[in-house]
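# Results of the structural survey
Take a look at the letters that make up each chain.
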Amino acid sequence: GATRPPLAAAEDAAPSERRALLEAIAAGADDRAVLATLDALLPLDPAGGRAARSDALGGTWRLLWSYKADKFSPLLGLPRPVRPASLQ
């Protein structure tokens, strides 16, 4: 059979890897667990580590998880019920 290009294979894997990341964040997993799911996504980056540039990425984004948030804003370290939303 025909061999699929590596990117096509990566696109097939991306939904399950993305789901794993979102599930880890939703479950309140510790930083190490979330970082591990992020590491699994890195090989699937179509931009190869370069900044992604696309009009499709425009709009309002909601911060779901952050690493060392206290370095960015002490307010992001508050528990979810009182933590302010961070929109970028």
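Residues numbered from 1 in each chain as written. Predicted model: local features only at pLDDT ≥ 70, side-chain atom pairs only at ≥ 80, totals over all residues. Heavy atoms only, no water.

### What about the overall build of the chain?
Each helix and strand in the chain was counted, giving 3 helices and 0 strands. Along the chain, helices and strands appear, N-terminal first, in the series α-α-α. Burial statistics for the chain: of 88 residues in total, 15% are counted as buried. The contacts of the chain with a sequence gap of at least 6 include a subset with a gap of at least 24, amounting to 57%. Taken as a whole, the chain presents about 7100 Å² of accessible surface, with 58% of it coming from carbon and sulfur. (Helix = DSSP H or I, 4+ residues; strand = E, 2+ residues; numbered from the N terminus. Buried < 20%, exposed > 50% of the residue type's maximum accessible area, 1.4 Å probe, protein only. Contact = heavy atoms within 4.5 Å. Areas by Shrake-Rupley, 256 points an atom, 1.4 Å probe, with all protein chains shown as cover.)

### Here we look at the packing of aromatic side chains
Within the structure shown, the criterion is met by 1 aromatic pair. The interplanar angle of 25° and the centroid separation of 6.2 Å between the aromatic rings of W65 and Y67 together place this pair among those described as stacked. For W65, a relative accessible area of 21% gives the class partly exposed. (Phe/Tyr/Trp six-rings, centres within 6.5 Å; stacked < 30°, edge-to-face > 60°.)

### Overview of the environment of L63
By secondary structure assignment, the location of L63 is in the loop between α2 (31–41) and α3 (69–72). For L63, a relative accessible area of 35% gives the class partly exposed. Sequence spacing of L63 and A85 is 22 residues, and the spatial spacing of their C-alpha atoms is 7.5 Å.

### Quick notes on a nonpolar patch on the surface
Taken together, the side chains of L75, L78 and V82 make up a nonpolar region of the molecular surface, amounting to roughly 270 Å² of accessible area. Within the secondary structure, L78 is located in the segment after α3. (Patch = residues over 30% accessible without salt bridge, like charges linked within 9 Å, V, L, I, M, F, W, Y side chains within 5 Å. Salt bridge = Lys/Arg side-chain N within 4 Å of Asp/Glu carboxyl O.)

### Some details on the side chain of T37
Tracing the chain through its elements places T37 in helix α2. For T37, a relative accessible area of 15% gives the class buried. Beyond its immediate chain neighbours, meaning those up to four positions away, T37 contacts A20, L21 and A24.

### A closer look at the confidence of the model for the chain
On average, residues of the chain score 75 in pLDDT, and 70% of them reach the 70 mark or higher. Element-level mean pLDDT values for the chain span from 61 in α3 up to 92 in α2. Within the model, the stretch residues 1–11 combines pLDDT values under 50 with 3 contacts to residues more than four positions away or in other chains. (pLDDT = per-residue confidence, 0-100.)

### Digging into the environment of A85
Here A85 is to be found in the segment after α3. Sequence separation between A85 and L64 is 21 residues, and the spatial gap between their C-alpha atoms is 9.2 Å.

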